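Examination of the molecular architecture
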Amino acid sequence: MERKCPTSFVIFGASGDLTRRKLVPALFNQYIKGRLGEPIHIVGFSRRPYSNDEFRQLLFEGMQELAGVVPEITDWKDFSGRVWYVRGDLNEKQDFETLRTFLNEKEGGFCNRLYYLATTPYFFPMIVNHLGEMGMAKEEGGWRRIIVEKPFGHDLNSAIDLNSSIHTVFDEHQVYRIDHYLGKDTAQNILYFRFLNTIFEPIWNRNFIDHVQITVAEDLDVGHRADYYDKAGIVRDMFQNHLLQLLTLVAMEPPASFDADAVRNEKVKVLRSVRTIALDDTIRAQYDGYYETEGVAPGSQTPTYAALKLYIDNWRWQGVPFYLRSGKALGTKTSEIVIEFEAPPHVMLELPEDYELTPNYLSLCIQPDEGIHLRFETKVPGSLQETRSVDMEFHYRTTFRGEALPDAYQRLLLDAINGDASLFTRSDEIELAWRLVDPVITGWEHSPEASPLVQYSPGSWGPLEAHAFMARDHRVWRLGCGEHQDS
Ligand code: BG6
């Protein structure tokens, strides 16, 4: 009888937070839905001296505490029977040999393998190198894939170096660079909304759109991650990846198919067309009290908030500004994209001189109140000529009642197992994104006066300067999703 080919999912850095918070809950959820395929082996690799049972218990508790997933005991028993632990040091070549022997025995021959790099980035080249030395990347009798967590590099040069050390061992078709924003259903829906409907696409261009805003706001501060964050800052942590990925989805041309390369080629064209960002078009800020956080360097100039304006030099978007902003410790958590349309060319009503008509805008609500809102003007009933802005709203929660939106990792891990790379970033995308943000980061370092670091209060909507930044262009920041008001 033909033996089914097993898949091994190997996690480097298995004792870390990400494994319990994201990876194992995602694998568990897909496993109980029967989507992972059989047989599957989930193998944790790390330095801590756990037995298989101790590791399974750690995952069981972590899933509940960190991810709020409370598994049915029978499901958990079934799933955890597929989980193994191999103790090893990432520095030691012989520990990779131990891992290889373990996997070969479990698999009973060459089969499919997915390696997940969930360690700190420092170890990425070393792991890849050891996998290469041990022949563990060779696709003999089954596929070999590698998922690389962010941050992918610290700047353009380190990203190029990392890509080239990965490429000495793995071919690009084996590499899956994760950006969890692409795993969010609402981010994927941007393409569905744009290209499976005919209403908006004809006006999705410079002739009808005044400008676009992308906001990724977080109410949490840096918490316990200051060691990492203080060296990274908001642009590396959020703009180089998540915000620029959202930008590509909003701005790209329709791909001919949903094939990974067709989609990614279009995204790359957008990134290539972005004009160098002027320092004058950036704001950087730090929330009050940040420097008191443990792990933050004294006198740290690391921004926890940034806003910038950029232009895409192509036919569709010539002259349309894109405003991007993101920050920690803000008033609320929301990720949304606002497409603001042109004002009416002529208003036939006799409105008071200081009356400002709100332009139409479309809000793509990525999270947490997932949906789409369209704002337009209406006549107030019974009034002579009074108008009011109202919303036409679609909410996932009410429309798809009972179907909770899956965590991004569920989709991404499954796609990587199934060999679909369309929601993963290609090497050229990563490098182009760094090419865009590097001059901003270094510009701030070398010419701090061009965009001085300003302060903002935790719980606010960012620094006052960010509002002045929009006012300079006679525009305002908008928040179109959820209950909150324009910021
Ligand atoms: C991560 C950043 O990539 O994204 C974090 O490192 C940030 O700093 C997180 O909090 C935000 O993700 P989400 O899905 O909560 O918006």
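Description of the structure in this document.

1. Let's talk about the state of the cysteines
Scanning the entire structure with this criterion turns up one disulfide. Bridging Cys365 to Cys481, the disulfide has an S-S length of 2.0 Å. Here Cys365 and Cys481 share a disulfide; its torsion about the S-S bond, -90°, makes the bridge left-handed. Note that Cys365 is positioned in strand E12 (residues 361-367) and Cys481 in the segment after helix H13 (464-471), a separation of 116 residues in sequence. Relative accessible area serves as the criterion here: at 2%, Cys365 is assigned to the buried category.

2. Regarding the site of the ligand
Contacts to the ligand come from Lys150, His180, Tyr181, Lys184, Glu218, Arg225, Asp237, Met238, His242, Lys328, Lys333 and Gln367. A distance of 2.5 Å separates an oxygen atom of the ligand from a polar atom in the side chain of Glu218. In the model, an oxygen atom of the ligand is placed 2.6 Å from a nitrogen or oxygen of the Asp237 side chain. Protein contacts shield 81% of the accessible area of the ligand, which totals 400 Å² for the unbound molecule. For the shell around the ligand, the element with the most residues is helix H8 (residues 226-251), which contributes three residues. Of the residues assigned to the shell around the ligand, the class counts are two nonpolar, three polar and seven charged.

3. Regarding the packing of aromatic side chains
In this structure the tally under the stated criterion is 30 aromatic pairs. Summarising the aromatic geometry, the rings of Phe12 and Phe96 are spaced 5.6 Å apart at their centres and angled 25° between planes, so their arrangement reads as stacked. Within this pair, whereas Phe12 is found in strand E1 (residues 7-12), its partner Phe96 is found in helix H4 (residues 93-107), the two being separated by 84 residues in sequence. Phe96 shares its class with Phe12; the two are buried. Between Phe45 and Phe96, the aromatic rings sit 5.4 Å apart at their centres with planes inclined by 50°, giving tilted as the arrangement. Linking Phe45 in strand E2 (residues 40-46) with Phe96 in helix H4, this pair joins segments that are 51 residues apart in sequence. Neither residue differs from the other here; Phe45 and Phe96 are each classed as buried. An aromatic cluster of three or more residues is present, and its members are Phe12, Phe45, Phe96, Tyr115 and Phe170. Above the plane of the ring of Trp84 lies Arg56, whose end atom (NZ or CZ) is 5.0 Å from the centre.

Here is what the cut-offs are and how they apply
Residues numbered from 1 in each chain as written. Predicted model: local features only at pLDDT ≥ 70, side-chain atom pairs only at ≥ 80, totals over all residues. Heavy atoms only, no water. Disulfide = S-S within 2.5 Å. Helix = DSSP H or I, 4+ residues; strand = E, 2+ residues; numbered from the N terminus. Buried < 20%, exposed > 50% of the residue type's maximum accessible area, 1.4 Å probe, protein only. Near = heavy atom within 4 Å. Polar contact = N/O pair within 3.5 Å; in protein donor to acceptor, adjacent residues only side chain to side chain. Areas by Shrake-Rupley, 256 points an atom, 1.4 Å probe, with all protein chains shown as cover. Nonpolar A, V, L, I, M, F, W, Y, C, P; charged D, E, K, R; others polar. Phe/Tyr/Trp six-rings, centres within 6.5 Å; stacked < 30°, edge-to-face > 60°. Lys NZ or Arg CZ within 6 Å of the ring centre and 35° of its normal.

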